[in-house]
Amino acid sequence: MSTDTRSRGASLGLGGIDPVRTVALGGIALLVSAYASVFYHFVDVTGEPILFVLVAAVALAAATRLSDSIRFRSAAVVAVGLLAAGLTLYVLSLPRRPPMIPLVTDAIALMTGRSLLQVTNVDLWVLGVSPGPLFLTWYLAMRRRYVAGVLAGGGTLAFLVLTTDASTVTTLLGVVGAIVAVAVGDMDRRGDSLKAAEPLAVLLAALIVLSAIAPVVPAGPSRTADTWSRFQTGGAGAGGGTVEANLLEADNQLGIAGNLSLSPDVRFRVESDTESYWQVGTYDRYTGDGWVRTGSTDSYRGGLDRPPGRSQTVRQTYTAVDELEVIPAAWKPVSVSESVADDARVNDLDGLELDGSLSEGDSFSVTSQVPVASAEELRAAGTDYPSSVAERYTRLPSSTSDRVAERTERITARAETPYDTARVVERWLENNKGYSLDVQRPRKNVADEFLFEMDAGYCTYFATTMVVMLRTQDIPARMAVGYTPGERVAEDEWVVRGYNAHAWVEAYFPEVGWVRFDPTPAGPRQAAEQQELTNARENNRTDVDLTDTGGDEWTPTPTATPAPLTPRAEQPAQEAPGEMTIPDRITRPGGEPEQDLTLSNPSVTTAPTNGSGGSGGDESSGPFGGRPPTREEATLGAIVLLGLVVGLRRSGLTGRAYRAVWLRYQPTRDPETDAERAFERLEYVLAERHRPRRPEETPRQYLTAIGADERATQVAYIRERARYAGKVTREEADEAVSLVDDIVGWRGV
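Note that the structure is a prediction, hence the values are computed from the model and not measured.

Reading the values: rules and limits
- Residues numbered from 1 in each chain as written.
- Predicted model: local features only at pLDDT ≥ 70, side-chain atom pairs only at ≥ 80, totals over all residues.
- Heavy atoms only, no water.
- Helix = DSSP H or I, 4+ residues; strand = E, 2+ residues; numbered from the N terminus.
- Buried < 20%, exposed > 50% of the residue type's maximum accessible area, 1.4 Å probe, protein only.
- Contact = heavy atoms within 4.5 Å.
- Areas by Shrake-Rupley, 256 points an atom, 1.4 Å probe, with all protein chains shown as cover.
- Axes fitted to C-alpha atoms, helices over the stretch in contact; angles between N-to-C directions.
- Parallel < 35°, antiparallel > 145°, perpendicular 65-115°, else oblique.
- Left-handed = near helix turned anticlockwise from the far one by under 90°.
- Expected span 1.5 Å × (residues − 1).
- Polar contact = N/O pair within 3.5 Å; in protein donor to acceptor, adjacent residues only side chain to side chain.
- Phe/Tyr/Trp six-rings, centres within 6.5 Å; stacked < 30°, edge-to-face > 60°.
- Lys NZ or Arg CZ within 6 Å of the ring centre and 35° of its normal.
- Core = buried A, V, L, I, M, F, W, Y, C linked by side-chain atoms within 4.5 Å.
- 1 Å grid on protein atoms, 1.4 Å probe; cavity = no way out; pocket = protein on both sides within 12 Å on 5 of 7 lines; lining within 4 Å.
- Points joined across faces, edges and corners; volume = space filled by probe spheres on them.
- Nonpolar A, V, L, I, M, F, W, Y, C, P; charged D, E, K, R; others polar.
- Pairing = 2+ DSSP bridges.
- Salt bridge = Lys/Arg side-chain N within 4 Å of Asp/Glu carboxyl O.

Trainee: I would appreciate a short explanation of the overall build of the protein in the present structure.
Mentor: A tally of regular secondary structure across the protein gives 25 helices and 20 strands. Within the protein, the fraction of its 749 residues that count as buried is 50%. Residue pairs at least 24 apart in sequence account for 76% of intrachain contacts in the protein once pairs closer than 6 positions are excluded. Roughly 33700 Å² of accessible area belongs to the protein as shown, and the carbon and sulfur atoms make up 54% of that amount.

Trainee: Just checking my understanding: could you explain the packing of helix H2 (residues 19–44) against helix H9 (residues 168–190) for this structure?
Mentor: The angle between the axes and the distance between the axes are what describe a pair of packed helices. Running from N to C, H2 and H9 point in directions that differ by 155°, and their axes come no closer than 7 Å. The orientation of H2 relative to H9 falls into the category roughly antiparallel. In the packing of H2 onto H9, the handedness of the crossing is left-handed. The segment H2 lies against H9, with Val 20, Arg 21, Val 23, Ala 24, Gly 27, Ile 28, Leu 30, Leu 31, Ser 33, Ala 34, Ser 37 and Val 38 engaging Thr 170, Leu 173, Gly 174, Val 176, Gly 177, Ala 178, Val 180, Ala 181, Val 184, Gly 185, Met 187 and Asp 188.

Trainee: Explain unusual backbone geometry here, please?
Mentor: Note: most peptide bonds trans; most residues except glycine with negative phi. Looking along the chain, the bond that leaves Trp 331 and enters Lys 332 is cis, with omega of 15°. When you line up the elements, Lys 332 lands in the loop between strand S7 (311–320) and strand S8 (333–336). Notably, Thr 164 is not glycine yet its phi reads approximately 70°, a positive angle. Mapped onto the secondary structure, Thr 164 falls in the loop between helix H8 (146–162) and H9. One non-glycine residue with positive phi stands out, namely Glu 511, at about 65°. Mapped onto the secondary structure, Glu 511 falls in the loop between strand S17 (501–509) and strand S18 (513–517). We classify Glu 511 as exposed; its relative accessible area is 62%.

Trainee: Would you take a moment to explain H8 for this structure?
Mentor: One turn of the α-helix equals 3.6 residues, which is why residues spaced by three or four share an orientation. Here H8 is 17 residues long and its end C-alpha atoms lie 24 Å apart, about the 24 Å a rise of 1.5 Å per residue gives. Looking only at H8, the buried set comprises Tyr 146, Gly 149, Val 150, Gly 153, Thr 156, Leu 157, Leu 160 and Val 161. In this structure, the buried side of H8 is in contact with H2, helix H7 (131–142) and H9.

Trainee: Can you walk me through the side chain of Glu 506 in this structure?
Mentor: Inspection of the secondary structure assignment puts Glu 506 in strand S17. Polar contacts involving the side chain of Glu 506 include one to the side chain of Gln 279, which spans 2.6 Å. At 2.9 Å, the side chain of Glu 506 forms a polar contact with the side chain of Arg 478. What Glu 506 contacts, discounting residues up to four positions off in sequence, is Gln 279, Thr 282, Trp 331, Pro 476, Ala 477, Arg 478, Ala 480, Trp 514, Val 515 and Arg 516.

Trainee: Looking at this structure, how should I read the packing of aromatic side chains?
Mentor: The tally for this structure, following the rule as stated, stands at 21 aromatic pairs. Seen in terms of ring centroids, Trp 278 and Tyr 318 are 6.0 Å apart; in terms of plane orientation they differ by 90°. Their pairing is edge-to-face. In this pair, Trp 278 sits in strand S3 (residues 278–283) while Tyr 318 sits in strand S7, placing the two residues 40 residues apart along the sequence. Grouping residues by exposure puts Trp 278 and Tyr 318 together as buried. Linked through ring pairs, Phe 268, Trp 278, Tyr 318, Phe 364, Tyr 483 and Trp 494 together constitute an aromatic cluster. Stacked on the ring of Tyr 283, the Lys or Arg Arg 293 has its end atom at 4.5 Å from the ring centre. Sitting over the face of the ring of Tyr 684, Arg 659 holds its NZ or CZ atom 4.8 Å from the ring centroid.

Trainee: Please explain the nonpolar core as it appears in this structure.
Mentor: In summary, soluble globular proteins display a tendency toward joint burial of nonpolar side chains. Formed by 95 residues in total, the largest nonpolar core has its most connected members in Leu 247, Trp 278, Leu 470, Phe 509 and Phe 517. Leaving out residues up to four positions away in the same chain, Phe 509 has contacts with Leu 378, Ala 381, Pro 418, Tyr 419, Val 515 and Phe 517. Residues Leu 30, Ala 197, Ile 208 and Val 292 belong to the second largest nonpolar core, which totals 61 residues.

Trainee: It is not clear to me how the packing of helix H4 (residues 72–92) against helix H6 (residues 122–129) should be interpreted in this structure. Could you clarify?
Mentor: Interhelical geometry of H4 versus H6 gives an angle of 165° and a closest axis separation of 7 Å. Classified by the angle their axes make, H4 and H6 are roughly antiparallel. In the crossing of H4 with H6, the sense of the turn from one axis to the other is right-handed. In this structure, H4 uses Leu 82, Leu 83, Gly 86, Leu 87 and Tyr 90 to contact H6, whose residues at the interface are Trp 125, Gly 128 and Val 129.

Trainee: I tried to follow empty space enclosed by the protein on my own but got confused; where do I start?
Mentor: One water molecule sets the probe size; rolling that probe over the atoms shows where empty space is left. Enumeration over the complete set of coordinates arrives at 3 cavities of 30 Å³ or more. Together, Gln 279, Val 280, Gly 281, Ile 327, Ala 329, Trp 331, Pro 333, Gly 351 and Leu 352 line the second largest cavity. Looking at the lining of the second largest cavity, the element that brings in the most residues is S3, giving 3 residues. When the residues that make up the lining of the second largest cavity are grouped by side-chain class, the tally is 6 nonpolar, 3 polar and no charged.

Trainee: Can you walk me through the sheet that holds strand S14 (residues 477–483) in this structure?
Mentor: Paired through backbone hydrogen bonds, the strands of a sheet run either parallel or antiparallel to each other. The antiparallel open sheet is built from 4 strands, whose spatial order is S3-S14-S17-S18. Among the strands making up the open sheet, the edge pair consists of S3 and S18. Mean inter-strand twist for the sheet, computed between neighbouring axes without regard to direction, equals 40°. Two elements, S3 and S14, share 5 bridges in a ladder whose sense is antiparallel. Bridge pairing in S14 links Tyr 283 to Met 479. Contacting S17 and S18, helix H16 (residues 418–432) crosses the sheet at an angle of about 25° to S18.

Trainee: I'm lost on the sheet that holds strand S4 (residues 285–286) in this one. Help?
Mentor: Strand order in the open sheet formed by 3 strands is S1-S5-S4, and the pairing between neighbours is antiparallel. Looking at strand neighbours, the two that pair on one side only are strand S1 (253–255) and S4, the edges of this open sheet. With 3 bridges connecting them, S1 and strand S5 (residues 290–292) associate as antiparallel partners. Pairing of Gln 253 across the sheet is with Val 292, part of S5.

Trainee: Where do I start with the pairing of S14 in this structure?
Mentor: Two faces make up the sheet, and in a regular strand the side chains alternate between them. Most of S14 sits out of view: 7 of its 7 residues are buried. Neither face of S14 is exposed, since Ala 477, Met 479, Val 481 and Tyr 483 on one face and Arg 478, Ala 480 and Gly 482 on the opposite face are all buried.

Trainee: What is the right way to look at the pattern of salt bridges in this model?
Mentor: Here the idea is simple: oppositely charged side chains can pair when their charged atoms come close. Scanning the entire structure with this criterion turns up 31 salt bridges. Ionic pairing is found between Asp 420 and Arg 379, a salt bridge with its closest N-O pair at 2.7 Å. Of the two residues, Asp 420 is situated in helix H16 and Arg 379 in helix H13 (residues 375–379); the sequence distance between them amounts to 41 residues. Taking the shortest distance from any N to any O, the salt bridge between Arg 497 and Asp 545 comes out at 2.9 Å. Here the residue Arg 497 occupies a position in strand S16 (residues 493–497), and Asp 545 occupies one in the loop between helix H19 (522–538) and strand S19 (557–558), the gap between them amounting to 48 residues. Residues joined by salt bridges that share partners form a network here, namely Glu 487, Arg 497, Arg 537 and Asp 545.

In structure tokens:
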């Protein structure tokens, strides 16, 4: 590298700008922004992204400042020290256990596809882990060690790919940044000009376009454009494209889908002491566009904890009619039979999971202790929540707007206890939102859009919105999924079909535990289910009914949704003593009714109605599915545009296109300028058809030499008058322009 180049590079940011080094650093910045955006999302869903921005800014500023004063070995020690200190902070935040166990188990799980969003204290994990890679990547870039910087930053991004948290778009952005940093960084060392990077711009544009057609970069689900994409049709397996598939095949990540359908297929039968909701799982972390179950799972070790308060023993026996990959149970399960004990696992939310599947005819039993509490007991439960519960189940992403809390406060202004607040929110959603399976998937925060922009939705929307509304009031709440009781075929037996898949809400009450609330309108939902069953029977489907229904004396009838665990009056006149009346219409201060809070006729929609359940339009229309492009997509688009422009310029197409327009189109200005421009056009076309004018030739000599006709001679005469006499009329200038248009061949073409 020349001395001038070194001096030019060293002056970056001080005495001048080195364009080559600037572009190389820009590539590293793209790589850093790719994995930093994923880190940002992790803390964004916890509601505190500002702290991460400050930490990242400090790390990058320190790397810039120290790049001139410490050697690489010292910088590596700093980066490792930051990482060690951060991991120590993270471990100390975990429940008491041997310190190396969470590090080892989390590392193994993350490297094998577990999302970082499942880490309980993901915000502390990010704040602890991110400064090290950010510092080292940028330090190496500032030291002009671009390859080493790409290895440090690329390794971080690769880790996020393995955890399925970096989307294809984000990963591709990082790959493009790495390629730019290495290629242009090599030019920087050789002292080449930025012009040599033009082929690279074309190749990068081609890479991005090709990846859009056939992805070449493996990546997991995104938190923006392709977040939960595998749930848009409900997932694969039983009932693909159904509410059941969306809810029960979601594993540890539950996405909010758009249009879904119902499946009438029989899944299992259950014999139970009493009817109940058969819970399959719960979710604690709301991301704005879906749900995540945090924590890890352990093997079932012979029993689970009982709820803290009074409870009723409920024994259930389940028999699989179709392949079953879950363990349904009335909340709260405390034990399972030996037939599934070896394959049962317990998650951090105290729920049961099945490691494997059950075949048709397989049976197992579950014993549950169902919490029992009166409305008065729940009102008296107070707000002395365990710190672990309050911290975990009241968090909201920063995308949750203040208007959600403001609306909830107005709706629940008369509620004096958390129980009353939950009841008011439950009844308000039932009375003011319709039930529909034909909805347009929200582009932003689901709860916010359902509350303010949508007229109808299905259970996932109702439950999500109620949980968020309760959390804005500091009431611990979570999302629960499973099945409603199903069709009763005997006094103590129910048949459960795919369309019984459902989502509901659980709120926490001290000394009681988790209590169920269901804000989804029961009547329209059951009508939709019954219609699906009727249609299936009319089509002679054989997989929607069982041959033995438990005896001839019992007439199978659809079972209504069971009451929650607490007394619940459907009409104010029937409410128990001391219960408050739930208003169906909210009134603004001053007595004016708040019309937008009341939907007079909530209804069920099961067939497409051009967006009747949402804000209208086709959710798949447009290049981004009807949504604005993300920052990553916009950046990649800008790179493609730049590559296209460079490619066209190097091929000469842009010059030829410009010349073709310049030759055939002459806007009108003043007569002298128009006459001069007309002659320039004439010279260009004559040079193409004959030869260019030589430097020693006058225009008249040139026209005579090539045998130009009278039209060209007249144009030259008008131009001479404009240049040397300084005077030409508007008519003469227009004549010159018209004559050249004829010569170019514009007319008649």
